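# Results of the structural survey
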Amino acid sequence: MRFWAKGVTIAVALGLFATANAELSGTESYGVYVKSADGYVKTQQLDAFYNLNFDATARMFGFPVVAREGESLALIVHHPDFRPGAFELEARPMAMASARRPVGASVTPLGDDRYRIESSEPVADDFVVLVNLGCCIAGIQGAALGEPLPAMLNAYRKGQDLNPASAEQVVGRMQRALPDNEDVAELHRYWVRRLAQREASRHYEFIEGIWATFERAEDLETRIETLQHVRRLAENYLNDHPDGLEREQVEQLHREATGRLEI
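Below, the structure is looked at part by part.

Turning to the sheet that holds strand β1 (residues 31-36), a few remarks are in order. Each strand in a sheet pairs with another by means of backbone hydrogen bonds, the pair being arranged parallel or else antiparallel. Taken in spatial order, the five strands line up as β2-β1-β4-β7-β6 in an open sheet, and their pairing is antiparallel. Single-partner strands in this sheet number two, and they are β2 (39-42) and β6 (105-111). The average undirected angle you get between the axes of adjacent strands in this sheet is 30°. As paired elements, β1 and β2 share four bridges and run antiparallel to each other. Looking across to β2, one finds that Ser36 is bridged to Gly39.

This is the structure in structure tokens:
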């Protein structure tokens, strides 16, 4: 009976070992792997990045794409020099891939130089995963939770109430990463125009402020100085903002200032 029970124990252990090995299939070589709906996807090592203080916007278009079931985030690290207490895990929204976003995680040793890492919070699609193992091991690794291009085209689509300067910078990085993509190029042109119009509107508001000073002024010297200022500012606007939406109003202010100065 003892021999039979021992044999059953050995058989069960071998069965569990075989099951564990089957679950880790595809992680035999050294590296970092993200669990997908169909197994594990190996991350990409980011050359020339030695810490996580960098913008991943341009690089993420070359990341391997991971399709999951649900929002759990699990990884396998396979490396003999991995130190569970010295790695960093981040999950950044693709639309803000320059902003650091650490994620808490648990580490479970699996044997054979492999470790399971599980995030302590759900991570939605349209995020990028970054793992810092340290420059002496495998550096920084990256993967995308979904296709970056559709997510970014939607996040920065026309008509969004976004800071034009920030949007132009992000979409500009996209264009440098995808120089032949016409959708990205058109979107960048749109945000360039939005940024230019913001500057034109600020310029126009300043002109209006000087004109209001003229209208309040009572002494002749101040009125002449403000009219001259309005005329110079209007000329600058017309030269600097050929597509500005306020050109008609600026031209009118320029005519009024010139006419009053010539009286």
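Back to the write-up after that little detour.
Pairing within the open sheet is antiparallel, and its four strands lie in the order β3-β9-β8-β5. Edge positions in the open sheet fall to β3 (44-45) and β5 (88-93), since each of these has one partner strand only. Looking at chain direction, strand β8 (residues 127-132) and strand β9 (residues 140-145) are connected through six bridges and run antiparallel. The partner of Leu130 across the bridge, within β9, is Gly142.

Turning next to the pairing of β9. In terms of burial, β9 is a largely internal element, six of the six residues being buried. The two faces of β9 match: Ile140, Gly142 and Ala144 on one face and Gln141, Ala143 and Leu145 on the other face are all buried. Looking at chain direction, β3 and β9 are connected through two bridges and run antiparallel. The partner of Gln44 across the bridge, within β9, is Gly142.

The terminal C-alpha atoms of helix α5 (residues 220-240), which comprises 21 residues, lie 30 Å apart, in line with the 30 Å expected from a rise of 1.5 Å per residue. Buried residues of α5: Thr226, Leu227, Val230, Leu233, Ala234, Tyr237 and Leu238, and no others. End-on, the buried residues of α5 take up no more than an arc of 135°, which puts them together on one face. Structural note: α5 exposes Glu221, Asn239 and Asp240 on the side pointing more than 90 degrees away from its buried face. Where α5 is buried, its residues contact α4 (182-216) and α6 (247-261).

Analysis parameters
Residues numbered from 1 in each chain as written. Predicted model: local features only at pLDDT ≥ 70, side-chain atom pairs only at ≥ 80, totals over all residues. Heavy atoms only, no water. Pairing = 2+ DSSP bridges. Helix = DSSP H or I, 4+ residues; strand = E, 2+ residues; numbered from the N terminus. Axes fitted to C-alpha atoms, helices over the stretch in contact; angles between N-to-C directions. Buried < 20%, exposed > 50% of the residue type's maximum accessible area, 1.4 Å probe, protein only. Expected span 1.5 Å × (residues − 1). Arc of directions from axis to C-beta. Contact = heavy atoms within 4.5 Å.

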